[in-house]
Amino acid sequence: MNACRACTSEDLYLFLPLGDHPLANGFLTADQLGEPEPTFPLDVYSCLGCGLIQVDDNVPAGFFRNYVYVPSASDAMKDHFGGLARMVARDLLGAPEALVVDIGCNDGLFLTSLQQLGGRTLGVDPASNIAAMARAQGVEVVNEYFDRAVAARIRASHGPASVIVTTNTFHHIGDLDEFTAGMAHLLADDGVAVVEVPHALAIVEENQFDGVYHEHVSQFTVLSVVKLARRLGLEVFRVDPLEVHGGSLRVFLRKPTATGPLAQVEAWTSREERHGLLSRSTYDEFGERVDSVKQRLLALLSESLAGGRRIAGYGSSARGNTLLNYFEIGTDVLDYIVDRNPLKHGLYTPGRHIPVLPAETLESAPPDDLLVLAWNFADEILAQQAGYRAGGGRFIVPIPEPRVV
Ligand code: ZN
C-alpha cells in the first residue's frame, strides 16, 4: 500500500503481516476440497496520519459475488436493525414519503424493519444471491456495487435521499473516495448519512486482530472518517458508540455547514489520539499481544486434547477463519464447527477445511469443549446453549484473552 485510503497520507506502518490467506468467507463444497484454493496477502497497516487500520484490496471483485453472511441468522443483529429503524424513523425521516437508501442492504433486514414505520425504501447490494433474498422480503434492490455512477442513476430515478444508511459495508470498500463521493451526490441538501463501522480503538484495545480479513479492508477511527468526509463534500456531526461486532461506531454525516468543528466529534478524535492510535508503539504492542493470545490459546487447546477431550467450534464466522488460519488450528484440533446459518451447512472452512454442521449436532453428538469463534456473540451463544453447559460442556473464548467458561 502506498497511501491511506481515508486521508491519503503516505505515513503507513506495516505492523501485523498475517501472511497469505484464503478468503475468510470462501467456504468450500466437498467437491472443491481437492482444487487449489486462491490465497491473497493479508498485511495489516496503520495510517499514522489518521489511525485507519487497513489492508490492501487486492482481491478481484468477482470473488465476492456470492455472499454467505446474513444478519438475519443472529438474534442480536435483528435487535440491532430494529433499533436502527426506530432511530431513523424518529430522528431523521421527516416526511413519510422521504427516500431511505440502504447501501449494502444484505438480506433486507433493516429496510423491512423500517417499512413498518414509514419512508420509501431502496436497497443497494452487489451480491446477487443476497439481493434476491431482500427482494423476496418486498425490498426494491439495485444489484450493483455502489459508486458515483450508480448514485447518479438512483438520484435521477428516485430523487435525492433524505437518509442514507450503510452498516457492515463501509469497511468492505477499497475505493472509499468513489463510495463517499457517491453518498455526497445522492444525499439531499438537508439529508443525513448514517455509517456504521468497526472502531479501530476497540480492535487495538481488545486484541481483535481477527476482525481483519480481505473483505474488511479498513477499521476506522473517527478522525479517519472526518478527514475522508472533508475531502469529498461531507461533514461528520455526531458519533454514537455501538456494541455490535465487538465495538463499532455509528457516524452521522451531512453536507458541510458553517458551524465549524463540533465538540462532540472533537472529544472522540482527541480520545483516539490520547489512546495512541497515531503512534507506532501502540501497534508494536498490539502485534506482541496477538502473539501472546496465540500461544496461550494453543496451550489451552492442547491441554484439553491431552486430557482426552473432544473439541468443536461454534460460529463459523469470517473472523473465526482469520483466527484459525493465522493460528493454524485445523481438523487435528476441531472435529467440526456448528453454525445456525443454513447457507453454510455441509460446507468446509477456507484454508483449514473444517466441516460446518447445524447447531443441533451439539445435542446429538456433544463435544467436551466448544471454541467460540464468533466470540463477539459469546453472550448470545452461551445463553442459547445453556443445556450444553448444564450437561458439562465447556466454552473456550479466544478474544480478547483466551479463557474457559
Ligand atoms: Zn490516513
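Predicted model, so just to flag it, every value in this text is computed and none were measured. (Residues numbered from 1 in each chain as written. Predicted model: local features only at pLDDT ≥ 70, side-chain atom pairs only at ≥ 80, totals over all residues. Heavy atoms only, no water.)

Turning to unusual backbone geometry, a few remarks are in order. Cis geometry is found at the peptide bond from Ile-399 to Pro-400, where omega equals 5°. Relative to the helices and strands, Pro-400 resides in the loop between strand 16 (394-397) and strand 17 (403-404). Phi at Asn-106 is positive, roughly 50°, even though this residue is not glycine. Its location among the elements puts Asn-106 in the loop between strand 4 (99-103) and helix 2 (109-115). (Helix = DSSP H or I, 4+ residues; strand = E, 2+ residues; numbered from the N terminus.)

What follows covers helix 5 (residues 176-186). Because each turn of an α-helix spans 3.6 residues, side chains separated by three or four positions end up pointing in the same direction. The buried fraction of helix 5 amounts to eight of the eleven residues, a majority that puts the element mostly inside the structure. The distance from a side-chain oxygen at the start of helix 5 to the backbone nitrogen of Asp-177 is 3.3 Å, and the residue carrying that oxygen is Asp-175. (Buried < 20%, exposed > 50% of the residue type's maximum accessible area, 1.4 Å probe, protein only. Polar contact = N/O pair within 3.5 Å; in protein donor to acceptor, adjacent residues only side chain to side chain.)

A separate point is the coordination of the zinc ion. Those protein atoms acting as donors to the zinc ion are Cys-4 (SG), Cys-7 (SG), Cys-47 (SG) and Cys-50 (SG), and they sit at 2.3 to 2.4 Å. Of note is the zinc ion, whose four donor atoms meet at the metal with angles of 101 to 113° in an arrangement that counts as tetrahedral. All donors of the zinc ion come from a single chain, and their spacing in sequence reads C-x2-C-x39-C-x2-C. You can see Cys-4 sitting in the segment before strand 1 (12-22) and its partner Cys-47 sitting in strand 2 (residues 39-47), a full 43 residues away along the chain. Across this residue pair, the class does not change: Cys-4 and Cys-47 are buried. (Donors = N, O, S within 2.8 Å, 3.2 Å for Na, K, Ca; no water. Tetrahedral: all angles 85-135°; square planar, octahedral: opposite > 155°, others 65-115°.)

Bringing empty space enclosed by the protein into the picture now. Unoccupied space between atoms shows up once a probe the size of one water molecule is rolled over them. As enumerated under the stated definition, the model contains two cavities of 30 Å³ or more in all. Its boundaries defined by the atoms lining it, the second largest cavity holds a volume of some 40 Å³. When grouped by side-chain class, the residues that make up the lining of the second largest cavity number four nonpolar, two polar and two charged. (1 Å grid on protein atoms, 1.4 Å probe; cavity = no way out; pocket = protein on both sides within 12 Å on 5 of 7 lines; lining within 4 Å. Points joined across faces, edges and corners; volume = space filled by probe spheres on them. Nonpolar A, V, L, I, M, F, W, Y, C, P; charged D, E, K, R; others polar.)

Let us look at the sheet that holds strand 15 (residues 369-372). Whenever strands of a sheet pair, they do so through backbone hydrogen bonds, lying parallel or antiparallel. Pairing is mixed in the open sheet, where six strands are placed in the order 14-13-12-15-16-17. Edge positions in the sheet fall to strand 14 (356-358) and strand 17, since each has one partner strand and no second. Here strand 13 (residues 334-339) pairs with strand 14 via three bridges, running parallel. Note on strand 14: the bridge partner recorded for Val-338 is Leu-357. Here helix 9 (residues 280-306) sits on the sheet in contact with strand 12 (311-314), strand 15, strand 16 and strand 17, set at roughly 155° to strand 16. (Pairing = 2+ DSSP bridges. Contact = heavy atoms within 4.5 Å. Axes fitted to C-alpha atoms, helices over the stretch in contact; angles between N-to-C directions.)

The strand order across the open sheet formed by four strands is 1-2-3-9, and the pairing between neighbours is antiparallel. The outermost strands of the open sheet, each flanked by one partner alone, are strand 1 and strand 9 (218-219). Summarising the sheet, strand 3 (residues 53-54) and strand 9 pair through two bridges and their orientation is antiparallel. Paired with Gln-54 across the strands is Ser-218, a residue of strand 9. Along the sheet, helix 9 contacts strand 1, strand 2 and strand 3; its crossing angle with strand 1, the most-contacted strand, is approximately 30°.

Read these as spatial facts, not as claims about activity.
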